[in-house]
Amino acid sequence: QVPLVESGGGRVQTGNSLTLSCAASTHTFSSYAMAWFRQPPGEEREFVAAISWSGTNTHYADSVKGRFTISRDNAKNTVSLQMSSLKPEDTAVYFCAADFRWGGYEVHHYAHWGQGTQVTVSS
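Structure report, in brief.

What counts, and where the lines are drawn
Once a new chain begins, its residue numbering starts again from 1 and follows that chain's sequence as written. The predicted origin of the model limits local features to residues at a pLDDT of at least 70 and limits the giving and counting of side-chain atom pairs to 80 or more, whereas totals for whole chains, interfaces and linings rest on all residues. Side-chain metrics rest on all non-hydrogen atoms present in the structure, leaving aside hydrogens and water. Segments assigned H or I by DSSP are reported as helices when at least four residues long, segments assigned E as strands when at least two residues long, and all are numbered from the N terminus. It is over C-alpha atoms that the radius of gyration is taken, and the globule rule equals 2.2 Å times the number of residues to the power 0.38. Classification of residues uses two cut-offs on accessible area relative to the type maximum, computed with a 1.4 Å probe and protein chains only: under 20% is buried, over 50% is exposed, and between them is partly exposed. We call two residues contacting when some pair of their heavy atoms lies within 4.5 Å. Here the accessible surface of atoms and residues is derived via Shrake-Rupley with a 1.4 Å probe, and residues count as covered only by protein chains that are part of the display. Counted as positive: Lys and Arg. Counted as negative: Asp and Glu. His and the chain ends are not counted at all. For this purpose, a charge sits on NZ of Lys, CZ of Arg, CG of Asp or CD of Glu. In the sections that follow, a salt bridge refers to a side-chain nitrogen of Lys or Arg positioned within 4 Å of a carboxyl oxygen of Asp or Glu. Note on terminology: disulfide denotes any pair of cysteine sulfur atoms within 2.5 Å. Between any two strands, pairing holds if DSSP finds at least two bridges. Axis lines are fitted through C-alpha atoms, for helices just across the contact stretch, and the angle between N-to-C directions can take any value from 0 to 180 degrees.

The helix and strand tally for the chain stands at 0 helices and 11 strands. Reading the helices (α) and strands (β) of the chain from amino to carboxyl end gives β-β-β-β-β-β-β-β-β-β-β. Rg of the C-alpha trace for the chain: 13 Å, near the compact-globule value of 14 Å for 123 residues, within the 12% margin. Seen through its C-alpha atoms, the chain measures out along the principal axes to roughly 40 × 25 × 25 Å. Burial statistics for the chain: of 123 residues in total, 46% are counted as buried. In the chain, the share of contacts with a sequence separation of at least 24, taken over all contacts with a separation of at least 6, comes to 57%. Carbon and sulfur atoms make up 47% of the accessible area of the chain, which amounts to about 6100 Å² in all. Taken together, the 9 basic and 10 acidic charged side chains of the chain have centroids lying 5 Å from each other.

Below, the structure written as structure tokens:
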């Protein structure tokens, strides 16, 4: 298991920005592709963004493209999600996920998960 700990969630107003961080406790962080998922209230967990091992490749859900940016710092074993122009529909618990493989955007693709951090966007 790869321990993953998310932080940075909170309550913001529509149009504001927020940055989430995920810290991984592993000596092989650069061997993992990383992703962010979210689970809105009463809904299933959905893909948000993913980044490849070195950060060269990224992929975003259409709903966040142009507003969210995923990045990673392999020296610090962290992956971040910069969220801007937030909308009420972005309200969800946000999860960090890791897997050796790149190219999957579904929950079942990822072997390791954090506990999540709540993001609430009020209108």
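Continuing now.
Here the structure, examined in full by the defined rule, presents 5 salt bridges. The salt bridge partner of Asp90 is Arg67, with a shortest N-O separation of 2.8 Å. Of the two residues, Asp90 is situated in the loop between β8 (78-83) and β9 (92-99) and Arg67 in the loop between β6 (58-60) and β7 (68-73); the sequence distance between them amounts to 23 residues. Here Asp90 and Arg67 have matching classes, each one buried.

Scanning the model with the defined rule gives 1 disulfide in all. One disulfide in the model links Cys22 with Cys96; its S-S distance is 2.1 Å. Taking the sign of the torsion about the S-S bond as the criterion, the disulfide between Cys22 and Cys96, at about -80°, is left-handed. Of the two residues, Cys22 sits in strand β3 (residues 18-24) while Cys96 sits in strand β9, which places them 74 residues apart along the sequence. Considered together, Cys22 and Cys96 belong to a single accessibility category, that of buried residues.

A few words on the sheet that holds β3. One open sheet accounts for 4 strands, arranged β1-β3-β8-β7; its pairing is antiparallel. Strands with a single pairing partner mark the edges of an open sheet, and in this sheet they are β1 (4-7) and β7. Strand-to-strand twist of the sheet, defined as the mean angle between neighbouring strand axes without regard to direction, takes the value 15°. Bridge count for β1 against β3 is 4 bridges, and the pairing is antiparallel. Paired with Ser7 across the strands is Ser21, a residue of β3.

Purely spatial values, then, with no claim about function.
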